[in-house]
Protein chains: 2
Amino acid sequence: MPTTQTLAREDFTSVFRQHPAGVAVITLHDGERPVGFTATSVISVSAEPAIFAFSINNTSSSWPALERAERVTANLLADDQRAVSTTFATSGIDRFAEVEWTQLPNGDPVLAGTASRISGRVLQRIPAGSSHLILVEADTAEVGGKEPLIYRNRAYHQLLEYQI
Amino acid sequence: MPTTQTLAREDFTSVFRQHPAGVAVITLHDGERPVGFTATSVISVSAEPAIFAFSINNTSSSWPALERAERVTANLLADDQRAVSTTFATSGIDRFAEVEWTQLPNGDPVLAGTASRISGRVLQRIPAGSSHLILVEADTAEVGGKEPLIYRNRAYHQLLEYQI
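Everything numeric here is computed off the predicted structure, so don't read it as measured data. (Residues numbered from 1 in each chain as written. Chains lettered and ligands numbered in written order. Predicted model: local features only at pLDDT ≥ 70, side-chain atom pairs only at ≥ 80, totals over all residues. Heavy atoms only, no water.)

## Concerning the overall build of chain A
Logical step 1: Within chain A, the secondary structure is distributed over three helices and twelve strands.
Logical step 2: In terms of overall dimensions, chain A is globule-like: its C-alpha atoms have a radius of gyration of 16 Å, near the 15 Å expected for 164 residues.
Logical step 3: Of all 164 residues assigned to chain A, the portion counted as buried reaches 55%.
Logical step 4: Of all intrachain contacts in chain A linking residues separated by at least 6 positions in sequence, the fraction that spans at least 24 positions is 63%.
Logical step 5: Here chain A displays about 7,400 Å² of accessible surface, and carbon together with sulfur accounts for 45% of that area.
Logical step 6: Each charge sign in chain A was given a centre, from 13 positive and 18 negative side chains, and these centres are 6 Å apart. (Helix = DSSP H or I, 4+ residues; strand = E, 2+ residues; numbered from the N terminus. Rg over C-alpha atoms; globule rule 2.2 N^0.38 Å. Buried < 20%, exposed > 50% of the residue type's maximum accessible area, 1.4 Å probe, protein only. Contact = heavy atoms within 4.5 Å. Areas by Shrake-Rupley, 256 points an atom, 1.4 Å probe, with all protein chains shown as cover. Lys, Arg positive; Asp, Glu negative; His and termini not counted. Charge placed at Lys NZ, Arg CZ, Asp CG, Glu CD.)

Below you can see the structure in the form of structure tokens.
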């Protein structure tokens, strides 16, 4: 049997730095004000019932709010929203002052101009290493017609469809 | 308070159909033979300790093997591996007969020609609706120099980097 030693941080990040992902901004309301952060880890988990997931580092400034939140929205960014992605990954600024956003009747803060968005109720917060995996049961969604924004290898990308 | 009714399947899938994702093939060994399936849900969860995650539907033909597996590999496909992605999403064929693959000294079956791959020990199988979310503590990885394969809106894509 080989010894199973956990992979070094630099080897792990070099794999996922090369792995492309759609860019999302996770938004929520902490009771006083909107909170949000950029995430590249939003995945579909179950179509029926509708459940999606994403991860958040425990050192994220949004984690204290997310730890208590009942609801969250994944705003899936459009290819012209690179500035929005950067804003929600910048510390020490009023992120919502920099972007267009609105509040749904149920109180969910959502961003304008996205490719799509999906909101729901937090089902589980699963501790995993230095992060949590958040499971969300979706109840509201809106799909626009815009192309998505993609992040890989520290740069933004757009998609080119294969002509087969 | 609004009633929180779970989102209809068609609304949920229309959001995630538009959401781009890198394409992976998850491989494992069930004791007798290699098992594998295509997945577009591989995400980084924690860099230290190194943990990644992916989801699998309970109706997947690979689920009975994955339910018992101690180890799995996420093979992150390269942009010239569209055929590999299709093979591992096709039912009723001998998937491994169609592709180049090898076995690591520890027994892990891995695919050849990928952009990168990362293997490890299954930490948790979390039931979520009609699926499971699988958490893996990584111990082995290899990164190549190939460009990744992307799936969105039922088509394969390659990336075009933004010139900023």
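Next comes the rest of the description.
## A look at the pattern of salt bridges
Residue and element names in this part refer to chain A.
Logical step 1: Counted according to the given criterion, the structure contains 16 salt bridges over all chains.
Logical step 2: Note that Glu137 and Arg121 form a salt bridge whose closest N and O atoms lie 3.0 Å from each other. A residue pair is termed long-range when its members are at least 10 positions apart, and Glu137 in strand E10 (residues 131-143) and Arg121 in strand E9 (residues 116-128) qualify at 16 residues.
Logical step 3: The exposure class of Glu137 is buried, given its relative accessible area of 16%.
Logical step 4: Residue Arg121 is classed as partly exposed on the basis of its relative accessible area of 38%. (Salt bridge = Lys/Arg side-chain N within 4 Å of Asp/Glu carboxyl O.)

## Comments concerning the relation of the copies chain B and chain A
Logical step 1: It takes a turn of 180° to lay chain B on chain A, together with a shift of 0.0 Å along the axis; the resulting RMSD is 0.0 Å. The superposition of one copy onto the other is thereby described by a two-fold rotation axis.
Logical step 2: A share of 100% of the interface residues of chain B reappears at the interface of chain A, consistent with the copies meeting face to face through the same patch. (Least-squares fit on C-alpha atoms with pLDDT ≥ 70 in both.)

## Points about the packing of aromatic side chains
Logical step 1: Scanning all chains against the criterion turns up twelve aromatic pairs over all chains.
Logical step 2: Through successive ring pairs, a cluster of aromatic residues spans A:Phe12, A:Phe16 and B:Phe52. (Phe/Tyr/Trp six-rings, centres within 6.5 Å; stacked < 30°, edge-to-face > 60°.)

## Digging into the side chain of A:Ser119
Residue and element names in this part refer to chain A.
Logical step 1: Mapping Ser119 onto the fold places it in strand E9.
Logical step 2: With a relative accessible area of 0%, Ser119 lands in the buried category.
Logical step 3: If near-sequence neighbours (up to four positions away) are discounted, Ser119 is found in contact with Arg71, Val72, Thr73, Leu104, Asp108, Glu137, Ala138, Asp139 and Thr140.

## Here's the deal with the sheet that holds strand E10 (residues 131-143) of chain B
All names here are of chain B.
Logical step 1: Judged by pairing direction, the sheet is antiparallel, and its seven strands sit side by side in the order E3-E2-E6-E9-E10-E5-E4 without closing on themselves. The sheet terminates laterally at strand E3 (34-39) and strand E4 (43-46), the two strands that pair on one side only. Averaged over neighbouring strand pairs, the angle between their axes works out to 35° when direction is ignored.
Logical step 2: With twelve bridges joining them, strand E9 (residues 116-128) and E10 adopt antiparallel strand pairing. Each bridged residue has a counterpart across the sheet, and for Arg125 the counterpart in E10 is Ile134. (Pairing = 2+ DSSP bridges. Axes fitted to C-alpha atoms, helices over the stretch in contact; angles between N-to-C directions.)

## Examining helix H1 (residues 9-18) of chain A
Logical step 1: Within the span of H1(A), buried status applies to A:Phe12, A:Ser14, A:Val15 and A:Phe16.
Logical step 2: Where the residues of H1(A) are buried, they touch E4, strand E5 (51-57), strand E6 (71-76), E9 and E10 of chain B.

## Focus on the pairing of strand E5 (residues 51-57) of chain A
Residues and elements named next belong to chain A.
Logical step 1: Buried residues dominate E5, accounting for six of its seven residues.
Logical step 2: Across three bridges, strand E4 (residues 43-46) lies against E5 in antiparallel orientation. By the bridge assignment for E5, Ile43 is matched with Ala53.
Logical step 3: Connecting E4 to the antiparallel partner E5 that follows it, the hairpin turn spans four residues.
Logical step 4: Alignment of E5 against E10, held across seven bridges, turns out to be antiparallel. Residue pairing in the sheet places Ile56 in a bridge with His132 of E10.

## Things to note about the sheet that holds E10(A)
Sheets are built from strands that pair by backbone hydrogen bonding, the pairs being arranged parallel or antiparallel.
Residues and elements named next belong to chain A.
Logical step 1: The antiparallel open sheet is built from seven strands, whose spatial order is E3-E2-E6-E9-E10-E5-E4. Across the chains shown, the open sheet's two edge strands, defined by having one partner strand only, are strand E3 (34-39) and E4. Looking at each pair of strands side by side, their axes are set apart by 35° on average, direction ignored.
Logical step 2: Across six bridges, the pairing between strand E6 (residues 71-76) and E9 is antiparallel. Across the sheet, the residue bridging to Val72 is Gly120, located in E9.

## Notes on the side chain of B:Glu137
Logical step 1: Of the polar contacts made by the side chain of B:Glu137, one reaches the side chain of A:Thr6; its length is 2.5 Å.
Logical step 2: Those residues in contact with B:Glu137, other than ones at most four positions away along the chain, are A:Thr6, B:Pro49, B:Ala50, B:Ile51, B:Ser119, B:Gly120, B:Arg121 and B:Leu123. (Polar contact = N/O pair within 3.5 Å; in protein donor to acceptor, adjacent residues only side chain to side chain.)

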